[in-house]
Amino acid sequence: MYRAGHDIQQERRLRQIAPIVVLLVAWLSMRQSGPWLSRVFLTMWVHELGHAVTAWLCGFAALPGAWVTMIGESRSPLVSTVLAGGLGFAAWWTWRTERRLAAIGVVAIVLLQAVLTLALGTFKARAVIVFGGDGGLLVLGTALMLTFWVPPGNVLQRNWLRWGFLVIGAFAFMDGNHTWWTARHDSDAIMYGQQEVAGDSDPTKLTEEFFWTERQMISRYLLLSVLCWVVLAAVYLWGAVTSPRSTADSA
């Protein structure tokens, strides 16, 4: 059982220090050797999962794999129905178990799915799916890091899974940030061209197939980066000034 007193103070210190240290290590790694090493071992999977999650939210079947994600040719009503049903159940369950913030987050995802599936044409949806690769580095990286603030006693905290998610999330997050903040003043950081497995790179597809300008592409990634930084900073500050509550305490 999670103990009070000393353990709570230790948890608060971990929340204040660990995310900063891991983000700093990830940033230094990107500065020294670029994103290639981390992509081979960690962030490539987050990138491909970003494509897949975006595709599911847009109503397309998708299967993430190593360096490439298979996307369906057309929207699948089955995918949309199953995803909406799963999210609806998650919203009901989190609300019933008094996880209010989680419930609100799930409802926001349901609304996002509705917009991407019902209000977005196929052409624009495919552009968003391509954007979702590096977008996933930022959004999913943030989500993985946020698991570090689960209540003491949560399964992620008891089994140390949050430490793995923190590391993976921080490297993914810094991978996306490194590329697009560097691209603001150095377009050589943008990975144009072809990949041996996947064909045209995402930036090449966005500019040549979907007619985004380079400036539009960079500004959209940077806007997403800023939004993720704001969310991460808000949760960090909240965790730094509040006392951790165990799952038993909140039940």
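Heads up: these notes are all about the structure in this document. Along each chain, numbering runs from 1 in the same order as the chain's sequence is written. Whole-chain, interface and lining totals are the exception, using all residues; otherwise, since this is a predicted model, local features are given only for residues with pLDDT of at least 70 and side-chain atom pairs are given and counted only at 80 or more. Computation of side-chain values covers all heavy atoms of the structure but excludes hydrogens and water.

## Focus on the overall build of the protein chain
What counts, and what does not: We count a stretch as a helix when DSSP gives it H or I for four or more residues in a row; a strand needs E for two or more, and each element gets its number in order from the N terminus. In this setup the radius of gyration rests on C-alpha atoms only. A globule is expected at 2.2 Å times the number of residues raised to 0.38. When a residue's accessible area, from a 1.4 Å probe over protein chains only, is under 20% of the maximum for its type it is buried; when over 50% it is exposed; and in between it is partly exposed. What makes two residues a contact is simply this: any of their non-hydrogen atoms within 4.5 Å. Methods summary: accessible areas were calculated by the Shrake-Rupley approach with a probe of 1.4 Å, and residue burial reflects only the protein chains presented. A residue counts as positive if it is Lys or Arg and as negative if it is Asp or Glu; His and the chain ends are not included. Positions of charges follow a simple convention, taking NZ of Lys, CZ of Arg, CG of Asp or CD of Glu.
When its secondary structure is counted, the protein chain shows 10 helices and four strands. Reading the secondary structure of the protein chain in the N-to-C direction produces α-α-β-β-α-α-α-α-α-β-β-α-α-α. Computed over the C-alpha atoms, the radius of gyration of the protein chain is 19 Å, within 12% of the 18 Å expected from 2.2 N^0.38 for a compact globule of 251 residues. Its C-alpha atoms give the protein chain principal-axis dimensions of about 60 × 45 × 25 Å. Here the protein chain holds 251 residues, and 41% of them are scored as buried. Expressed as a percentage of contacts within the protein chain between residues at least 6 apart in sequence, the contacts between residues at least 24 apart total 67%. Summed over its atoms, the accessible surface of the protein chain is roughly 13,900 Å², and 68% of this surface lies on carbon and sulfur atoms. Within the protein chain, the 16 negative side-chain charges are centred at a point lying 13 Å from the centre of the 19 positive side-chain charges.

## Quick notes on the environment of Val226
Counting through the fold element by element, Val226 comes out in helix α9 (residues 214-241). Distance from Val226 to Asn154, taken between C-alpha atoms, is 29 Å for residues 72 residues apart in sequence.

## Things to note about the packing of helix α8 (residues 202-209) against α9
Just so we agree on the cut-off: Note on method: axes are straight lines fitted to C-alpha atoms, helices fitted across the in-contact stretch only, with angles between N-to-C directions ranging 0 to 180 degrees. Working definition: roughly parallel below 35 degrees, roughly antiparallel above 145 degrees, roughly perpendicular at 65 to 115 degrees, and oblique for all remaining angles. Crossing handedness is defined as follows: a turn of the near helix away from the far one that is anticlockwise and smaller than a right angle gives a left-handed crossing, while the clockwise case is right-handed. For this classification, the nonpolar set comprises Ala, Val, Leu, Ile, Met, Phe, Trp, Tyr, Cys and Pro, the charged set comprises Asp, Glu, Lys and Arg, and every other residue, Gly included, is treated as polar.
Running from N to C, α8 and α9 cross one another at 130°; their axes reach a closest spacing of 10 Å. Considered as vectors, α8 and α9 are oriented oblique to each other. Handedness of the α8/α9 crossing: right-handed. Together, Pro203, Leu206 and Thr207 of α8 and Glu214, Met217 and Tyr221 of α9 make up the contact between the two elements. Split into classes, the residues belonging to the contact of α8 with α9 amount to four nonpolar, one polar and one charged.

## Some details on the pattern of salt bridges
Going by this rule: Salt bridges are defined by distance alone: a side-chain nitrogen of Lys or Arg within 4 Å of a carboxyl oxygen of Asp or Glu.
Considering all chains together, one arrives at three salt bridges under this definition. Between Arg162 and Glu11 there is a salt bridge, with its nearest N and O atoms 2.8 Å apart. Remark: Glu11 occurs in helix α1 (residues 6-33) and Arg162 occurs in helix α7 (residues 161-183); sequence separation between them is 151 residues. We note a salt bridge from Asp175 to Arg39, for which the minimum N-O separation is 2.8 Å. Of this pair, Asp175 sits in helix α7 while Arg39 sits in helix α2 (residues 36-58); the two residues are 136 residues apart in sequence, bridging distant segments of the chain. On the accessibility criterion, Arg39 (10% relative accessible area) is buried. When salt bridges with common partners are traced through the structure, they connect Glu11, Arg15 and Arg162 into a single cluster.

## A word on the nonpolar core
One recurring pattern in soluble globular proteins is that nonpolar side chains are buried together. Applicable threshold: Definition of nonpolar core: a set of buried residues of the types Ala, Val, Leu, Ile, Met, Phe, Trp, Tyr and Cys, connected through side-chain atoms within 4.5 Å.
Ranked by internal contacts, the top residues of the largest apolar core, which has 30 residues, are Leu23, Met145, Phe173, Trp180, Leu206, Trp212 and Met217. At the level of elements, α1, α5 (122-146), α7 and α9 are the ones that each hand at least two residues to this core. With sequence-adjacent residues up to four places away left out, Met145 is seen in contact with Leu23, Phe165, Leu166, Gly169, Ala170, Phe173 and Leu232. Membership of the second largest hydrophobic core comes to 10 residues, among which are Phe60, Ala62, Leu120 and Ile129.

## Some remarks on the environment of Ala125
Following the sequence through the fold, Ala125 ends up in helix α5. Residue classification places Ala125 among the buried residues on the basis of a relative accessible area of 0%. In this structure, Ala125 is in contact with Cys58, Phe60, Arg75 and Leu120, ignoring residues within four places of it in sequence.

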